[in-house]
Amino acid sequence: MWRSFGRYAVPVIVLDVAKGFFPALVATLAAGHVAGALAGGAAMLGHWRPIFLGFAKGGKMVATCGGALFGLAPLVGLVGAVAWIAVFAVTRYASVSSILAAASLPVAAWLLDEPWPVLVFTTAAFLGVLVLHRGNLARLRAGTETRVQLRRKPAATT
C-alpha cells in the first residue's frame, strides 16, 4: 500500500518504521536507553490505538517496533529484520514472520548484552505482537490464513 504526498508516493511501511525510529533515536541519544524504550513503546502504542482515529483499532505494531529498535538498539533491530525476511522467504506468511521475528528480539538483546531497558522493551514488544496476532494464529490453526503471493497470476486466455 502506498500513500501519496503531492507528487511523491511512499510505501506505508516506510512511514510506520519512521514513526518508531525517530522518537526512539532522539530519546536514546538525548536521555539514554530508558527514555528511548519509553519513546519507542509510546510510538508502538500510538500505532496500535491512534489518537487521530479516536483510539480505534490501528496496526499491529510490527514495523513501528522495528523502527523503534533501529533507534534504540540497531543490532537487535537488524537481527529482527533478518529473522523476518528469512521466515517470510520460507513461509510467505507475514504473520508467522512477525511473530517469530518478535520472538527473536529478547534473545538477541540478551545475547548482545544490551542494557536492561532494551531487554524489557524487546520482551514487552514480543508479548504485544503475540497478543495482537491472536486472530492470525487462529487462522493458521484453521488453515485459512492468507499467504502472500509475490507473483501475479497470469491472465486467463480465452
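1. Considerations on the overall build of the protein
Phase 1 of the analysis: Across its full length, the protein holds seven helices and two strands.
Phase 2 of the analysis: Counting all 158 residues of the protein, 35% fall into the buried class.
Phase 3 of the analysis: The long-range fraction of contacts in the protein, counting pairs at least 24 apart against all pairs at least 6 apart in sequence, stands at 56%.

2. Observations regarding the packing of helix α2 (residues 33-48) against helix α6 (residues 116-132)
Phase 1 of the analysis: One way to put it is that α2 packs onto α6 with a least axis distance of 9 Å and a crossing angle of 15°. The pairing of α2 with α6 is recorded here as roughly parallel in orientation. Regarding α2 and α6, the two cross each other, and that crossing is right-handed. Contact with α2, carried on its side by His33, Val34, Ala37, Gly40, Gly41, Met44 and Trp48, involves Trp116, Pro117, Val118, Phe121, Ala125 and Leu132 of α6 and no other residues of that element.

3. Comments concerning the side chain of histidine 133
Phase 1 of the analysis: Checked against the element boundaries, histidine 133 lands in the loop between α6 and α7 (134-142).
Phase 2 of the analysis: Those residues in contact with histidine 133 that sit more than four places away from it in its chain are Lys60, Val62, Ser95, Ser98 and Ile99.

4. With respect to the nonpolar core
Phase 1 of the analysis: One finds Met44, Cys65, Leu69, Val76 and Phe121 to be the most contacted residues of the largest nonpolar core, which totals 17 residues.
Phase 2 of the analysis: Listing elements by their share of this core, those giving two or more residues are α2, α3 (62-72), α5 (94-111) and α6.

5. Some words on the packing of aromatic side chains
Phase 1 of the analysis: On inspection of all chains with the given rule, the structure shows two aromatic pairs.
Phase 2 of the analysis: Arranged with centres 5.0 Å apart and planes meeting at 75°, the rings of phenylalanine 21 and phenylalanine 22 form a pair that is edge-to-face.
Phase 3 of the analysis: On the basis of relative accessibility, which here comes to 24%, the residue phenylalanine 21 falls in the partly exposed class.
Phase 4 of the analysis: Between tryptophan 84 and phenylalanine 88, the aromatic rings sit 4.9 Å apart at their centres with planes inclined by 15°, giving stacked as the arrangement. Within this pair, tryptophan 84 and its partner phenylalanine 88 are both found in helix α4 (residues 74-91), separated by four residues, close to a single helical turn.

6. Remarks on a nonpolar patch on the surface
Phase 1 of the analysis: Nonpolar side chains collect at one region of the surface, where Phe70, Leu75, Leu78, Val79, Val82 and Leu112 lie side by side and expose about 490 Å² of accessible area between them.
Phase 2 of the analysis: With four residues, the single largest contributor to the nonpolar patch is α4.
Phase 3 of the analysis: With respect to the element layout, valine 79 can be found in helix α4.
Phase 4 of the analysis: For valine 79, a relative accessible area of 33% corresponds to the partly exposed category.

7. A closer look at the pattern of salt bridges
Phase 1 of the analysis: Applying the stated rule across the entire model yields two salt bridges.
Phase 2 of the analysis: Residues aspartate 16 and lysine 19 are paired through a salt bridge, measuring 3.4 Å at the closest nitrogen-oxygen approach. Of this pair, aspartate 16 and lysine 19 both sit in helix α1 (residues 12-31), three residues apart, roughly one helical turn.
Phase 3 of the analysis: For the salt bridge of arginine 139 with glutamate 145, the shortest nitrogen-to-oxygen distance reads 2.9 Å.

8. Let's talk about the environment of valine 14
Phase 1 of the analysis: Relative to the assigned elements, valine 14 resides in helix α1.
Phase 2 of the analysis: When its relative accessible area of 43% is taken as the criterion, valine 14 is described as partly exposed.
Phase 3 of the analysis: With 49 residues separating them along the chain, valine 14 and alanine 63 place their C-alpha atoms 8.3 Å apart.

Definitions and limits used
- Residues numbered from 1 in each chain as written.
- Predicted model: local features only at pLDDT ≥ 70, side-chain atom pairs only at ≥ 80, totals over all residues.
- Heavy atoms only, no water.
- Helix = DSSP H or I, 4+ residues; strand = E, 2+ residues; numbered from the N terminus.
- Buried < 20%, exposed > 50% of the residue type's maximum accessible area, 1.4 Å probe, protein only.
- Contact = heavy atoms within 4.5 Å.
- Axes fitted to C-alpha atoms, helices over the stretch in contact; angles between N-to-C directions.
- Parallel < 35°, antiparallel > 145°, perpendicular 65-115°, else oblique.
- Left-handed = near helix turned anticlockwise from the far one by under 90°.
- Core = buried A, V, L, I, M, F, W, Y, C linked by side-chain atoms within 4.5 Å.
- Phe/Tyr/Trp six-rings, centres within 6.5 Å; stacked < 30°, edge-to-face > 60°.
- Patch = residues over 30% accessible without salt bridge, like charges linked within 9 Å, V, L, I, M, F, W, Y side chains within 5 Å.
- Areas by Shrake-Rupley, 256 points an atom, 1.4 Å probe, with all protein chains shown as cover.
- Salt bridge = Lys/Arg side-chain N within 4 Å of Asp/Glu carboxyl O.

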